[in-house]
Amino acid sequence: ANSSRCVSALDLPKSAVHQQAVTGGEEHGAAMTKAIRNTQTRLVTLAVGALVAATFLSGCGDPQPAPAEDKAREAALASEHSPTVGNAGAKVHIVEFLDPACGTCALFYPMVKGWMAEVPDDIRLSIRHVPFHDGVDYVVKILEASRNQDKYWETLETLLATQQSWVQNHVVQPDRVLPAIASVGLDVEQLEADMNSPEVLQRMEKDVADSKVLKVVATPEYFVNGRQLPSFGQEQLANLVREELQK
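Now for a look at the structure at hand. (Residues numbered from 1 in each chain as written. Predicted model: local features only at pLDDT ≥ 70, side-chain atom pairs only at ≥ 80, totals over all residues. Heavy atoms only, no water.)

Focus: the pairing of strand E8 (residues 221-224)
Here comes step 1: Neither face of E8 is left uncovered, since the one carrying Glu221 and Phe223 and the one carrying Tyr222 and Val224 both have all their residues buried.
Here comes step 2: In terms of strand pairing, strand E3 (residues 92-98) meets E8 through four bridges, oriented antiparallel. The partner of valine 95 across the bridge, within E8, is phenylalanine 223.
Here comes step 3: As paired elements, E8 and strand E9 (residues 227-228) share two bridges and run antiparallel to each other. For phenylalanine 223, the partnering residue across the bridge sits in E9 and is glutamine 228. (Buried < 20%, exposed > 50% of the residue type's maximum accessible area, 1.4 Å probe, protein only. Helix = DSSP H or I, 4+ residues; strand = E, 2+ residues; numbered from the N terminus. Pairing = 2+ DSSP bridges.)

As structure tokens, then:
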């Protein structure tokens, strides 16, 4: 079953991008035609043919990433600074870009943890934070700071389970967050001191920067052994994990 995802406000629909490209191409073609109208017919034909060929080649297929792009993508997926759970030598490494205020993230997380419980030695999960919702930076700081008390996973799971109590109309209600995770047993004084530490801020900046390299525009977004979902959905994710497990 498919679920709607939480989308970045910076995400421009593909249809709009396509329309801009088409419109721009048409204007460029008209200008070229006007400029060469009085030249020889043979030159006009060659120019138009070249334009058509260039348009065809640029619009067909996915370009192969350059070596530099490959390296940047590999570095962004390494997730060495990120909270990770599971066998370090697991056959499958899932990297999830997650917004803690995202309702679909809250639905998918237990499903992934369930798969890990079924094959505990074969799946490893790393979490990256992308703050798409208003006010969610505060929650990400709590999550990152909770790592200093070795309570990250308890904090994350409690936040997702209580999400409806501290998110209202897709906006985080900061005064409701700490009461929602009181059962985790965090030292609040230490937590608040750590939330604005350079280490926490650097990890947050790294996640956002890597999400841009990987063109993450909605959450949850998954990469399974480096492979991004071809389309979003529970079945698609399950199939991708299954394929990697069977290799």
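And the narrative resumes.
Here's the deal with the nonpolar core
Here comes step 1: With 45 residues, the main nonpolar core has Ile94, Trp115, Leu125, Leu156, Trp166, Tyr222 and Leu237 as its most contacted residues.
Here comes step 2: Breaking this core down by element, the ones donating at least two residues are E3, helix H4 (103-118), strand E4 (123-129), helix H5 (136-146), helix H6 (152-161), helix H8 (177-180), E8 and helix H11 (234-246).
Here comes step 3: Examining the composition of this core, we find that eight residues originate from one element, H4, more than from any other.
Here comes step 4: Other than its neighbours up to four places away in sequence, isoleucine 94 contacts Val112, Ile123, Arg124, Leu125, Ser126, Tyr222, Phe223, Val224 and Val241.
Here comes step 5: In terms of nonpolar packing, the next biggest core, distinct from the first, is built from eight residues, Leu77, Val130, Leu214 and Val216 among them. (Core = buried A, V, L, I, M, F, W, Y, C linked by side-chain atoms within 4.5 Å. Contact = heavy atoms within 4.5 Å.)

Quick look at the packing of aromatic side chains
Here comes step 1: A complete count under the given rule lists four aromatic pairs for this structure.
Here comes step 2: Ring centres of phenylalanine 97 and phenylalanine 223 lie 6.0 Å apart, and the angle between their planes is 75°; on these two criteria the pair is classed as edge-to-face. Of this pair, phenylalanine 97 sits in strand E3 while phenylalanine 223 sits in strand E8, placing them 126 residues apart in sequence.
Here comes step 3: Residue class for phenylalanine 223 comes out buried when judged on its relative accessible area of 1%.
Here comes step 4: With a centroid separation of 5.0 Å and 90° between ring planes, the pair formed by tyrosine 152 and tryptophan 153 is classed as edge-to-face. Tryptophan 153 matches tyrosine 152 in its accessibility class, with the two residues each being buried.
Here comes step 5: Members of the aromatic cluster, connected to one another through ring pairs, are Phe108, Tyr222 and Phe232. (Phe/Tyr/Trp six-rings, centres within 6.5 Å; stacked < 30°, edge-to-face > 60°.)

A closer look at the packing of helix H3 (residues 67-78) against helix H10 (residues 198-213)
Here comes step 1: With their axes 9 Å apart at the nearest point, H3 and H10 run at an angle of 140° to one another. The angle between H3 and H10 falls in the class oblique. Handedness of the crossing formed by H3 with H10: left-handed. For the pair formed by H3 and H10, the contact residues are Ala72, Arg73, Ala75 and Ala76 on the first element and Lys206, Asp210 and Val213 on the second. (Axes fitted to C-alpha atoms, helices over the stretch in contact; angles between N-to-C directions. Parallel < 35°, antiparallel > 145°, perpendicular 65-115°, else oblique. Left-handed = near helix turned anticlockwise from the far one by under 90°.)

Quick notes on the pattern of salt bridges
Here comes step 1: Evaluation of the coordinates by the stated rule reveals nine salt bridges.
Here comes step 2: Between lysine 247 and glutamate 244 there is a salt bridge, with the nearest N and O atoms lying 2.8 Å from each other.
Here comes step 3: Assessed through its relative accessible area of 60%, lysine 247 is described here as exposed.
Here comes step 4: Assessed through its relative accessible area of 5%, glutamate 244 is described here as buried.
Here comes step 5: Members of the salt-bridge network, linked through shared partners, are Arg128, Lys206, Asp207 and Asp210. (Salt bridge = Lys/Arg side-chain N within 4 Å of Asp/Glu carboxyl O.)

Notes on the sheet that holds E4
The strands making up a sheet associate through backbone hydrogen bonding, with each pair oriented either parallel or antiparallel.
Here comes step 1: Strands sit in the order E2-E4-E3-E8-E9 across an open sheet of five strands; the sheet is mixed. Both edges of this open sheet fall to strand E2 (84-86) and E9, since each of them pairs with a single strand only.
Here comes step 2: Bridge count for E3 against E4 is seven bridges, and the pairing is parallel. Considered in E4, the bridge of histidine 93 is made with arginine 124.
Here comes step 3: Together, E2, E3, E4 and E8 form the strand contacts of H4, whose direction differs from that of E4 by roughly 155°.

Comments concerning unusual backbone geometry
Here comes step 1: Note that the residue after threonine 219, namely proline 220, is joined by a cis bond; omega there is -5°.
Here comes step 2: For proline 220, the position within the fold is in the loop between strand E7 (218-219) and E8.
Here comes step 3: Phi at asparagine 169 is positive, roughly 55°, even though this residue is not glycine.
Here comes step 4: Residue placement: asparagine 169 occurs in the loop between strand E5 (167-168) and strand E6 (171-172).
Here comes step 5: Taking the relative accessible area as the measure of exposure, asparagine 169 reaches 67% and is therefore exposed.
Here comes step 6: The backbone phi angle of asparagine 225 is positive, close to 50°, even though this residue is not glycine.
Here comes step 7: In this structure asparagine 225 comes out as partly exposed when scored by relative accessible area, which is 32%.

Geometry only, nothing functional implied.
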